[in-house]
Amino acid sequence: MIEAKDSNQLFSRSLELPCGAVLKNRLVKSAMSDSLADGEGSPTQAQVRLYERWTEGGVALSIIGEVQADPRFPEKPGNLVLGKHSNLEMLRKLTTRASINGAHIWPQIGHAGALSHAPISLPTGPSALEIGSFQCAGMSITEVKQLPDTYAKAALMAKEVGFTGIQIHAGHGFLLSQFLSPLFNHRNDQYGGSIEARCRIIVEVIDKVRRAVGTSFPIGIKINSTDQLEGGLTQDDALEAIRILNQTSIDLIELSGGTYFPGAKSSSDSSGAGPYFVDFSKKAQQVTSIPIVVTGGFKTRTQAMDSLISGAVDMVGIARAMVLNPSLANDWLTNTGADPVFPRFETAPSGGITAWYTMRLTALGNDAESSFALCLPSAIRLYEERDELRCHKWRKKFSS
Ligand SMILES: Cc1cc2nc3c(=O)[nH]c(=O)nc-3n(C[C@H](O)[C@H](O)[C@H](O)COP(=O)(O)O)c2cc1C
């Protein structure tokens, strides 16, 4: 338990990661798929400006959501890609402007697997599945064994273009999270069955990435505390996975929950009272000494401070509140400004709230949030139309 003598100091203390890198305070802008790449996997000016704004706003670490290691399996056509087609000049511009003031900027290296965007992909998870109208192909053992190399190449490129660390995405129902989940993973080889076996590919990815980036480069991971989905990853198995992660060279574990499986609960669409995963973090601390960031449902400075005071979290991860106020970190660090006012949506279709926040991210990237007044249905329509247009570009760029 940390003394709350000086609340500002709780936020502003630096954190040294196991690899030796230092995060300057305790506030993280969690990964959000911003849909601001150019449809060909490279950054746009608006995207560069978006991350610069969070850095100006005081965060210690900003994580770019859904940066793809393999363009065949994106989450959306607005994702960044780290690969041979990447625009290195724009990536360097992004990392330079997003790392001012000593802030860290990490890509969340992903692979959407069974949840990859069907109009530009052949969704492929750990196992072939058909659940209601949901379908995906299954990975061959050769494809599974190629994954560590795919992640390692992307991580090395990230380092080369100036990212200051990387996060491996193993949460929210995307590929590595699918390996952890008994619902998606029906494999009967060394990558399926017990939680140790379901975790194996993640450990192999971490080991290969570490060999590629060296000992002093931060590697984080985002993992679910539970999938909140019948048949998915349970809390007990998540704790076992964290116990296994504790034996790896991971520097920062981000805890989240929920999935984007059609019809399931996702944290970004949740309007329930938060924070959501602090109690789980207390349990996770029993099985790991790696620093933990908890993300989900932080709406007020007091909530964030209480979590730090309790000692249950090392860092606080924030997504939607940082979309409402990109200078939130500075406001909380200096204890100035009011907490953000969250919009209330009477009824929202699944994914609708996330779409609304994504459109607001575009406004932030254009420094135009003061005139952002989209209602939920208009935000969803614009979000879907933009993705549809980008699918053509994506196919053209990556068809070879
Ligand atoms: C627009 C939007 C996009 C998101 N995209 C990602 C993503 O790419 N990767 C990820 O791990 N989480 C993603 N999330 C989830 C957030 O990181 C976070 O876990 C979730 O929103 C709960 O935190 P919050 O209550 O602070 O918003 C996204 C959330 C939002 C609102």
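Higher on the page you've got the structure.
Please read all numbers here as calculations on a predicted model, not as lab measurements. (Residues numbered from 1 in each chain as written. Predicted model: local features only at pLDDT ≥ 70, side-chain atom pairs only at ≥ 80, totals over all residues. Heavy atoms only, no water.)

1. Overview of the sheet that holds strand 7 (residues 124-125)
Applicable threshold: A strand pair is defined by DSSP finding two or more bridges across the two strands. Segments assigned H or I by DSSP are reported as helices when at least four residues long, segments assigned E as strands when at least two residues long, and all are numbered from the N terminus.
Strand order in the open sheet formed by three strands is 7-9-8, and the pairing between neighbours is mixed. Of all the strands in the sheet, just strand 7 and strand 8 (129-131) have a single pairing partner and so form its edges. In the sheet, strand 7 pairs with strand 9 (residues 134-138) via two bridges, with the strands oriented parallel. The partner of G125 across the bridge, within strand 9, is G138.

2. Some details on the packing of helix 7 (residues 235-245) against helix 8 (residues 278-285)
Applied cut-off: With axes taken as lines fitted to C-alpha atoms, and helix axes fitted only over the stretch in contact, angles between N-to-C directions fall between 0 and 180 degrees. Working rule for angles: under 35 degrees goes down as roughly parallel, over 145 as roughly antiparallel, 65 to 115 as roughly perpendicular, anything else as oblique. Note: crossing handedness is left-handed where the near helix turns anticlockwise from the far helix by less than a right angle, and right-handed where it turns clockwise. Two residues form a contact once any of their heavy atoms are found within 4.5 Å. The classification used treats Ala, Val, Leu, Ile, Met, Phe, Trp, Tyr, Cys and Pro as nonpolar, Asp, Glu, Lys and Arg as charged, and all other residues, Gly among them, as polar.
The contact between helix 7 and helix 8 brings their axes to 10 Å, and the two run at 45 degrees. The angle between helix 7 and helix 8 places the two elements in the oblique class. Read as a crossing pair, helix 7 and helix 8 show a hand that is right-handed. Residue-level inspection shows Q235, A238, L239 and I242 of helix 7 in contact with helix 8, the latter providing F280, K283 and A284. Classifying every residue of the contact of helix 7 with helix 8 by side-chain character gives five nonpolar, one polar and one charged.

3. So, the packing of aromatic side chains
Our working definition: Working definition: a ring pair exists when centres of Phe, Tyr or Trp rings (six-membered ring for Trp) sit within 6.5 Å. Plane angles under 30 degrees give stacked, over 60 give edge-to-face, the rest tilted. Classification of residues uses two cut-offs on accessible area relative to the type maximum, computed with a 1.4 Å probe and protein chains only: under 20% is buried, over 50% is exposed, and between them is partly exposed.
Tallying each qualifying case throughout the model produces 11 aromatic pairs. Pairing F345 with W356 gives two aromatic rings, centres 5.4 Å apart and planes at 65 degrees, and the pair type is edge-to-face. Of this pair, F345 sits in the loop between helix 11 (328-334) and helix 12 (352-365) while W356 sits in helix 12, placing them 11 residues apart in sequence. W356 sits in the buried class, given a relative accessible area of 8%.

4. Some points on the side chain of T358
Within the element layout of this structure, T358 appears in helix 12. Sequence-distant contacts of T358, that is, excluding residues within four places in its chain, are made with S33, D34, S35, Y383 and R386.

5. What about the site of the ligand?
For clarity, the threshold we go by: To be near a molecule or strand, a residue needs just one of its heavy atoms within 4 Å of it. For this analysis, a polar contact is any N or O atom pair within 3.5 Å, provided that within protein one partner can donate a hydrogen and the other can accept it, and provided that sequence-adjacent residues contribute only side-chain to side-chain pairs. Per-residue and other accessible areas were derived by the Shrake-Rupley procedure at a 1.4 Å probe size, with only the shown protein chains allowed to occlude residues.
For the ligand, the set of nearby residues contains 23 residues, the closest of which are A31, S33, Q108, G297 and R320. A distance of 2.8 Å separates a nitrogen atom of the ligand from a polar backbone atom of S33. With respect to the ligand, the side chain of K222 contributes an N or O atom lying 2.9 Å from an oxygen atom. Within the complex, the protein chains bury 98% of what would otherwise be the 610 Å² of accessible surface of the ligand. Among the elements of the structure, strand 3 (27-32), strand 4 (61-68) and helix 12 are those that each provide at least two residues to the shell around the ligand.

6. Examining the environment of I141
Tracing the sequence through the fold places I141 in helix 4 (residues 141-160). Classification of I141 by relative accessible area gives partly exposed; the value is 32%. If near-sequence neighbours (up to four positions away) are discounted, I141 is found in contact with R187, D189, Q190 and Y191.

7. Brief notes about helix 2 (residues 45-56)
Short version of the rule: A helix is expected to reach a length of 1.5 Å times the quantity of its residues less one.
With 12 residues, helix 2 ought to run about 16 Å at 1.5 Å a step, and its terminal C-alpha atoms sit 16 Å apart, in line with that. Within helix 2, 10 of the 12 residues are buried, leaving the element largely enclosed by the surrounding structure. Two residues or fewer past helix 2, G58 is found with a positive phi of approximately 105 degrees.

8. Brief notes about the pattern of salt bridges
For clarity, the threshold we go by: Salt bridges are defined by distance alone: a side-chain nitrogen of Lys or Arg within 4 Å of a carboxyl oxygen of Asp or Glu.
This model, assessed by the stated rule, comprises 17 salt bridges. When the shortest N-O distance is used, the salt bridge between R53 and D367 registers 3.4 Å. Here R53 is found in helix 2, whereas its partner D367 is found in the loop between helix 12 and helix 13 (376-398), with 314 residues between them in sequence. For D367, a relative accessible area of 41% gives the class partly exposed. One salt-bridge network, held together by shared partners, links R49, E52, R53, E56, R97, D367 and E369.

9. What about the environment of D34?
As for its placement among the helices and strands, D34 is situated in the loop between strand 3 and helix 2. Relative accessible area serves as the criterion here: at 2%, D34 is assigned to the buried category. Distance in space between the C-alpha atoms of D34 and F372 is 16 Å, their sequence separation being 338 residues. When near neighbours in sequence (up to four residues on either side) are disregarded, D34 contacts Q47, L50, Y51, I64, G78, T358, L361 and R386. Among the polar contacts made by the side chain of D34, one reaches the main-chain amide nitrogen of L36 at a distance of 2.8 Å. Only 2.9 Å separates the side chain of D34 from the side chain of Q47, close enough to count as a polar contact.

10. Some words on helix 7
Burial in helix 7 covers these residues: A238, L239, A241, I242, I244 and L245. In this fold, the buried residues of helix 7 make contact with helix 5 (175-180), helix 6 (195-213), strand 11 (219-224), strand 12 (252-256) and helix 8.

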